[in-house]
Structures are given as structure tokens and as C-alpha cells.
Amino acid sequence: MNETNTEDFIREIIRSDVEKGLSEVVTRFPPEPNGYLHIGHATSICLNFGIAKEIEYAKCNLRFDDTNPVKETTEFIESIKKDIQWLGFEWGDTEFYASNYFQQLYSHAITLIKLKKAYVDSQTQNEIRENRGTLTEPGKNSPYRNRSIDENIDLLERMKKGEYEEGAHVLRAKIDMGSPNMNMRDPVMYRIIKTQHHQTGEDWSIYPMYDFAHGLSDSIEKVTHSLCTMEYVDHRPLYDWFINELNVFPSRQIEFGKVLMSHTILSKRNLLKLVEMKYVDGWDDPRMPTISGMRRLGFTSDSIKDFCRRVGITKRENVVDIALLEHCVREDLNKKAERRMAVINPLKVTIENYPQDQTEYLIAQNNPQDESFGTREIPFSKELYIEKEDFMENPSKKFKRLSIGEEVRLRYAYFIKCKEVIKDELTGEPVELICTYDPKTKGGSAPDNRKPKGTIHWVSSKHSIQSEVRLYDRLCSDPNPDISDDSNLENVLNPHSLEIKKNAQLEPSLKESDSTIKYQFERLGYFCLDNKSSNSNTLVFNRTVSLRDSWSKANKGG
RNA sequence: UGCCCGGUGGUGUAGUGGUAGCACAAAGGACUUUGACUCCUUCGACCCAGGUUCGAAUCCUGGCCGGGCAGCCA
């Protein structure tokens, strides 16, 4: 987080503009409220709002690109605002909407008609498509292309008033049906949509298309640098065309490469499908790569911003390894997380030589690397739970945990030795371990300075809280999920992206928790309370990310 | 076979005519009351071919490869 940003090509352009005398820098973040923000948007947010923070006379507007009421809702507006704030960015006291400019945009359209640069086309949608030509063949002019100015204005006004059905007419820019750039083949500026708009209600029956609305909204807001992704490069000539024909403030569009990530899906269309088909539990499902999902998973905003910084801004297309994101959270959480002990696959341990009804409280550090976190007390008693995986009857040489006759340290408590394994008669699985402890090793160190091979975590069974722990894993098992075929969506999902542990046993201090507090359950990973799923009976904790685990990794090979 | 954008280790990124650096990942080791953290080491790259130049990842030309564009979506 502390390293300075190397200057990317966009900041370089802006700096050079400032050096040439540009006195105000204005960027904008322009989401369409038709879905939740995801990790890909975070890059753009960090870029646009980041520039505004770095430069003295710079600001970044939040502008909802709400030109298609059919797909947009206020739920999405609210989630977007919340996510930007949570990431730590501000847009000042005004929140802008493209719909604020519908009247000005309409006037601009009238102006273009008067300049003979726009016309009402009454071809059917099919005819328009057919006459657009193809990638290799030019299009054909519409038969309506040379309507008179008066007729065009009359038609447009009546479209606006709602006198025609959807699809009856559109307003088009009159540019060049033979252009090798498809965007310049008389692009549609307005279409008739008779849907209530979340901001303007029923004021309008026509809505502006992206290319017409976006650049001119930038211009109205005096946006100096309009930053967008590479798929808009081909739209830039059109962006400039509207500004030039109308002779308005010259905003400049600059494109950068979109960020994709391995093991996940980032297109809004597919994320929407995951939600609608109930493959996940809503837009904020902790498996979703949405900002809301990641927040619920337990991510910090700092780790997301650090990720964006490390990924950087270029014109290349890129697929970032999700391991980098995981590294960023681990690094941040390692500093910020309170350590706790929790057992997610409990195995009962009875300490034979410990007094029956005794409870003693042992001191544990809340963060061994940072004394300011302080300490807490953990109850210890005769019956404990340890992790099933921490016991092996016939261990390999490298196994550093509990086995018969071997001594292991219970973290912050005592050294114990296992005497006997009680097994389930049917399955042969260990169900209880009979152990002894060494009273002289309280706190975890021995007077003779002997060192056990390993240290394991535990909880006192009488004092522990039973809770639900959700172990989340990557959304897709394949690094580059192929969703080119829509029907394949289900197949690319990782069937083990969620494992629910209903019988987790937590140390009692976890009773008072809050989703803003980050925890490390020692030796397991980073966890965070799920406010949405927890209730007065059961606490639910989500695993944000596991700890790095060189043991299981090394063990897999042989 | 139109127009546009891009090709630096496995991944992301730096480099702006002068010895190709950093991070993540991977492998090994040290340390360890978390098989974590930290530290050390190792592995590993300029798409290709010409040209310009004393010198090219960088400039030019031509290929090759990847991506985007034919919504009344954004």
C-alpha cells in the first residue's frame, strides 16, 4: 500500500495537459444502474476518483448513465453508491444522472436536425439492420434520410409526446453509411421506450442512446478526461463528432484495458444470470466478484485498492491471476485481523489427568505481531475439541501434530500426549482421544525448554460456542471459464465454492462479534461475521481466504 | 477477408535509443508457541523477419498471434 504509483499513461497525459495550462481536471465514473459493481469496476473507480484525489484542482463526478429504463433500478443505484463510499471515495454533494440532461440533450438533437445532421428514420428495426451493411460491405442510405427539417422536428416532437409505438421511428445522426467504422453508419440517437423511468417517471417516451448521451453529458459537466475501456475506441470518432457538430465543450475520451480475473466471471450479463438462476444467493453472495459480495466475504477496501494499484492501467487486455487478489487480502488482514481459535471439524479430547470441574483462564495474544491488539483470556478445562485433521494414528515422519505417544503443544495452553484413541465401532473413525497434560507447561513453554514438534489450536468444549462456518472457495474451478456458450455457465462453476460447517466450535470471546471486525482463526484462515445470515441463535462466519498452506500443498504430491 | 486496439518470465507490470527491473505464482532453505507471518535463494521474458543506428523491447516496414466492432444495450 505504501509504494508510490508508477505513473500510468493516462496520468501522464493528464499531467502533460496540466503542464500545458489546463487549470481544472474533471473525470467521471459513469455506471449504468443495471447491476452491482464488481472488481473490474474497482479499477475504474480507483483511476477516476484516484486522479481527483491526487491532483489539486481535480474532481470526479459520479454520474449514473441511466438512459435505458428497461434495465435500471433504484436498488442498483443505492448499491453502487454504497460500494463507492465503502471503497473510500467521495463524489461531493452532487450526484449526477444522465437523465438530468434529457432536456438539454433533446435541444441538441433539434439543433442537429436543423443542421441537417440528424433525421427521423421510419424503417423497421430489421430494415435498419439490413441496410447497415456488414463488416466488409458498406450500408445503404435510408429512404427517410432526406426528410425536411420541419418534418423531422415534427416527428421527433410527436415521438417525444408518446404518439407512436415503440419501434415506429428512431432519430439517427446523418453521417456516412459507407464508413468502415460501423459506429459512423448513421447511429441511432433516440428510440421510443414506453417504460417508467426511475428518475424522470413518465416525462419521456424517447430515450437517448449511449453514444449521443454519454459524450454530451461529459461535455455538459465539463469533464476534461473521459476514461473508458478499450471497446469504446471505435466509438471515439462518434464521441468527437457530436461535440464538434454542436460546438460544445471538448471533453476527451481516453481508453484503457479492462481488467479480467482468473477463476471468475465478470460480465454483468452473466453475473445477472447467476443471480436470476439462483446459482448464488444474490448479488452480494460472498462468492460473487461484486464489491458487495467481497465486502460480505470479509475483504477490506484497502486490499481491493491495493490490488487495483498492483494491476495498474495499460491498454492491454489482461487476465489477472486471482492469486494476486488473495495475496492482497492476506497481506492486509495479517496486519488487521484479531487472532482467535476455532475448530471447524471437532474431535473430542479428554485430558485424563486434569481435574474434573476445573476451569482456568489462559492468556492469548490478539495479534502476535502487534502488541497494541492486547491479550484475551481463553478458558481451558478437562474436555476439549481439536481439529480432526490434527490427529493421525499412523503419521508420516513429517506430520507435526498429535499422534499416539507424541507430544504436541496446545496453543497458549499446555503440552499434551495422546494415550488412547476411541473409535466409532462401525466406521473405525476416531471419536475421542484420551490424553495427558504436563502441568509444568502452562502457557506453552516447558521449564526444561523442550520443544514439541508442533502447535495446534483447540477450544474448551464446555465453553465453546457452536456456530456455522462457511468455507468459500473460488467461483470457477477453471482459470479461464469458457462462457462463450450461454448454456455452459453452470458447468464452469466450482461445485465446491461453498462448504458449510454446521458444528464449528468457537472460543467464547467470539460471542460478541461484528462484521466490521476481521479475524484470523489461527491455522485456518481469515474469517468475518456474516451479518446477513447470523441471528440470535446462530452466528455465521465466512471464510474470506484461507491461510497459505504449504503443508497440504506438499502433501498432495505424495 | 473491412476498420480499430494490443503483443516483455506462468500471470500482472516497469522500461520512452545505452547491461531488461519489480510484484504475484512456483521450487528450495532459514526462523517459528499459527506447517501462518518474516527473511534468503532459485527458476523464468522482449511474437517473428527485415530495415534505420556505433547501439533497438523502444523507431520504420511487412508478417504472425490475441482481442473489439454489424443493439432501437452500455
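Being a predicted model, the structure only gives us computed values, none of them experimental.

**Observations regarding the overall build of chain A**
Then comes step 1: What chain A contains, in helices and strands, is 14 helices and 27 strands.
Then comes step 2: The C-alpha atoms of chain A give 31 Å as radius of gyration, which overshoots the globular expectation for 558 residues (24 Å, by more than 25%).
Then comes step 3: With respect to the three principal axes, the spread of C-alpha positions in chain A is 100 × 55 × 45 Å.
Then comes step 4: With 558 residues in all, chain A has 53% of them scored as buried.
Then comes step 5: Residue pairs at least 24 apart in sequence account for 71% of intrachain contacts in chain A once pairs closer than 6 positions are excluded.
Then comes step 6: In the structure as shown, chain A presents an accessible area of about 26600 Å², 46% of it carried by carbon and sulfur atoms.
Then comes step 7: The average position of the 78 basic charges and that of the 88 acidic charges among the side chains of chain A differ by 3 Å.

**Re the pairing of strand S27 (residues 540-546)**
Then comes step 1: Within S27, 6 of the 7 residues are buried, leaving the element largely enclosed by the surrounding structure.
Then comes step 2: As paired strands, strand S23 (residues 465-472) and S27 are joined by 3 bridges and run parallel to one another. Bridge assignment links Val469 to a residue of S27, and that residue is Phe541.
Then comes step 3: Pairing of strand S26 (residues 525-529) with S27 involves 5 bridges; the strand directions are antiparallel. The residue of S27 that forms the bridge with Cys528 is Asn542.

**A look at helix H1 (residues 9-19)**
Then comes step 1: Where H1 is concerned, the buried positions are Ile10, Arg11, Ile14 and Asp17. Buried residues of H1, seen end-on, are gathered within an arc of 120 degrees and therefore sit on one face of the element.
Then comes step 2: Once H1 finishes, Gly21 follows within two positions and takes phi at roughly 120 degrees, a positive value.

**Regarding unusual backbone geometry**
Then comes step 1: Notably, Asp186 is not glycine yet its phi reads approximately 45 degrees, a positive angle.
Then comes step 2: Its location among the elements puts Asp186 in the loop between strand S5 (170-173) and strand S6 (188-192).
Then comes step 3: For Asp186, a relative accessible area of 0% translates into the label buried.
Then comes step 4: Not every positive phi belongs to a glycine, and Arg523 is a case in point at roughly 70 degrees.
Then comes step 5: Mapping Arg523 onto the fold places it in the loop between strand S25 (518-521) and S26.
Then comes step 6: A residue is classified by how much of its surface remains accessible, and Arg523, at 33% relative accessible area, is partly exposed.

**Some thoughts on the sheet that holds strand S7 (residues 206-208)**
Then comes step 1: One open sheet accounts for 4 strands, arranged S4-S5-S6-S7; its pairing is antiparallel. Looking at the sheet topology across the chains shown, the edges are occupied by strand S4 (118-121) and S7. On average, each strand axis in the sheet is tilted by 20 degrees relative to the strand beside it, whichever way the strands run.
Then comes step 2: Direction of pairing for S4 relative to S5: antiparallel, over a ladder of 4 bridges. Of the residues in S5, the one forming a bridge with Ala118 is Ala173.

**A short note on the protein's contact with RNA strand B**
Then comes step 1: Close contacts around RNA strand B come from 69 residues, with Arg339, Arg409, Gly443, Gln520 and Lys553 the closest.
Then comes step 2: The contact in question runs from a phosphate oxygen of RNA strand B to an N or O atom on the backbone of Tyr210, over 3.0 Å.
Then comes step 3: Measuring from a sugar or linking oxygen of RNA strand B, one finds a side-chain N or O atom of Asn334 at 3.0 Å.
Then comes step 4: Broken down by secondary-structure element, the contributors of at least two residues to the surface near RNA strand B are helix H5 (125-131), S6, helix H11 (301-311), strand S11 (318-320), helix H12 (322-336) and helix H14 (550-557).
Then comes step 5: If one sorts the elements of the surface near RNA strand B by residue count, H12 sits on top with 4 residues.

**Looking at the packing of aromatic side chains**
Between two aromatic rings, the relevant description is the distance of the centres plus the angle of the planes.
Then comes step 1: Evaluation of the coordinates by the stated rule reveals 23 aromatic pairs.
Then comes step 2: Summarising the aromatic geometry, the rings of Phe212 and Phe242 are spaced 5.2 Å apart at their centres and angled 65 degrees between planes, so their arrangement reads as edge-to-face. Taken together, the positions of Phe212 in helix H7 (residues 210-220) and Phe242 in helix H8 (residues 236-246) put the pair 30 residues apart, joining distant regions of the chain. Of the two residues, Phe212 and Phe242, both sit in the buried class.
Then comes step 3: Three or more aromatic residues link up through ring pairs in this structure, and these residues are Tyr354, Phe380, Tyr414, Tyr437 and Trp458.
Then comes step 4: Between the NZ or CZ atom of Lys160 and the centre of the ring of Tyr106, over which it lies, the distance is 4.8 Å.

**Here's the deal with the packing of H1 against helix H2 (residues 39-54)**
Then comes step 1: Close contact between H1 and H2 brings their axes to 12 Å; oriented N to C, the two are set at 40 degrees. The angle between the axes of H1 and H2 places the two elements in the oblique class. In terms of crossing hand, the pair formed by H1 and H2 is right-handed. Here Ile10, Arg11 and Ile14 of H1 lie close against H2, whose contacting residues are Leu47, Gly50, Ile51 and Glu54.
Then comes step 2: A per-class count over the contact of H1 with H2 returns 4 nonpolar, 1 polar and 2 charged.

Scoring rules and cut-offs
- Residues numbered from 1 in each chain as written.
- Chains lettered and ligands numbered in written order.
- Predicted model: local features only at pLDDT ≥ 70, side-chain atom pairs only at ≥ 80, totals over all residues.
- Heavy atoms only, no water.
- Helix = DSSP H or I, 4+ residues; strand = E, 2+ residues; numbered from the N terminus.
- Rg over C-alpha atoms; globule rule 2.2 N^0.38 Å.
- Buried < 20%, exposed > 50% of the residue type's maximum accessible area, 1.4 Å probe, protein only.
- Contact = heavy atoms within 4.5 Å.
- Areas by Shrake-Rupley, 256 points an atom, 1.4 Å probe, with all protein chains shown as cover.
- Lys, Arg positive; Asp, Glu negative; His and termini not counted.
- Charge placed at Lys NZ, Arg CZ, Asp CG, Glu CD.
- Pairing = 2+ DSSP bridges.
- Arc of directions from axis to C-beta.
- Axes fitted to C-alpha atoms, helices over the stretch in contact; angles between N-to-C directions.
- Near = heavy atom within 4 Å.
- Polar contact = N/O pair within 3.5 Å; in protein donor to acceptor, adjacent residues only side chain to side chain.
- Phe/Tyr/Trp six-rings, centres within 6.5 Å; stacked < 30°, edge-to-face > 60°.
- Lys NZ or Arg CZ within 6 Å of the ring centre and 35° of its normal.
- Parallel < 35°, antiparallel > 145°, perpendicular 65-115°, else oblique.
- Left-handed = near helix turned anticlockwise from the far one by under 90°.
- Nonpolar A, V, L, I, M, F, W, Y, C, P; charged D, E, K, R; others polar.

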